[in-house]
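Residue-level listing of the chains:
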Amino acid sequence: MNVHSARTRLVRAHFFPGTGKMSEKMYYESVANLIEHKRVHFDYELLEQFEAGVQLFGTEVKSLRAHHGKLEGAHVTVRGGEAFLMNAEIPPFQAANASKGYESTRNRRLLMTKKEIAEIAKAEEQAGLTIVPISVYNKGRKMKLQVGIARGKKRFDKRETTKKRETEREIRREMKYE
């Protein structure tokens with residue numbers, strides 16, 4: 001699932017609250033990208049992507065909705081059958097009202113299925129693979145984290161991607177003037 005800065009998604013509803021009736025009515029659910037790891041596509045080659053819920057405090061949710069936070073340097077690890085987001089910085093919404101022991105880079109539990117956690121754990125054991133967060137977005141009222149199994153790019157791969165990006169930019173520029 002590719003997440004853009006703001007979009008809507010067509011969802012099929014089977015239950016109408018208040019009526020007690022089942023139905024297949026279509027409605028739009030908004031999905032907004034809150035914070036993004038900007039260098040993930042440059043530094044890593046993404047092999048597979050997952051969607052995970054994140055266990056957060058209320059002040060962290062408010063902070064994310066205000067687009068505060070950083071995913072640079074963060075990664076996902078699996079311990080004891082649970083996945084955790086490590087080193088992601090989410091500052092408190094109001095620093096003056098934060099509790100004294102609040103850590104902005106604390107470990108946050110990810111809410112995923114056992115099957116997905118097993119896949120991530122297997123990928124984590126393989127040499128050369130890492131699990132990186134890609135973006136945090138809200139899906140309805142829930143906070144979601146897009147996680148990817150990735151392989152780090154070498155320096156020549158990075159040069160290749162910048163060269164490809166520059167040639168595409170030049171082609172677009174030439175097409176624009178013709």
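Source: prediction; values computed, not measured.

## Some points on the pattern of salt bridges
Argument step 1. Scanning the model with the defined rule gives 6 salt bridges in all.
Argument step 2. A salt bridge links R39 to D43, with the shortest nitrogen-to-oxygen separation between them at 3.0 Å.
Argument step 3. On the accessibility criterion, R39 (43% relative accessible area) is partly exposed.
Argument step 4. For D43, a relative accessible area of 18% puts it in the buried group.
Argument step 5. A salt bridge links R106 to E60; the nearest nitrogen and oxygen atoms lie 2.8 Å apart. Taken as a pair, R106 in the loop between β5 (82-86) and β6 (108-111) and E60 in helix α2 (residues 58-65) lie far apart in primary sequence, 46 residues in all.

## Some words on a negative patch on the surface
Argument step 1. Residues E166, E170, E174 and E178 make up a contiguous surface patch of negative charge.
Argument step 2. Along the chain, the position of E170 falls in helix α4 (residues 155-177).

Cut-offs used in this document
- Sequence order as written defines residue numbering, which begins from 1 separately in each chain.
- Local features in this predicted model are restricted to residues of pLDDT 70 or higher, and side-chain atom pairs are both shown and tallied only at a pLDDT of 80 or more, whereas totals for entire chains, interfaces and linings draw on every residue.
- Neither water nor hydrogens contribute to the side-chain values; these are computed over all heavy atoms in the structure.
- Any Lys or Arg side-chain nitrogen found within 4 Å of a carboxyl oxygen on Asp or Glu counts as a salt bridge.
- Remark: exposure states derive from per-residue accessible area (1.4 Å probe, protein chains only) relative to the maximum for the residue type, with buried under 20%, exposed over 50%, and partly exposed in between.
- Helix and strand definitions here come from DSSP, where helices need a minimum of 4 consecutive H or I residues and strands a minimum of 2 consecutive E residues; each element is numbered from the N-terminal end.
- Exposure above 30% relative accessible area and the lack of any salt bridge qualify a residue for a patch; like charges then connect within 9 Å, and the nonpolar side chains Val, Leu, Ile, Met, Phe, Trp and Tyr within 5 Å.
- Using a 1.4 Å probe, accessible areas were evaluated by the Shrake-Rupley method; residue-level cover was limited to the displayed protein chains.
- Counting rule applied: Lys, Arg positive; Asp, Glu negative; His and chain ends not counted.
- Charge positions are represented by NZ for Lys, CZ for Arg, CG for Asp and CD for Glu.

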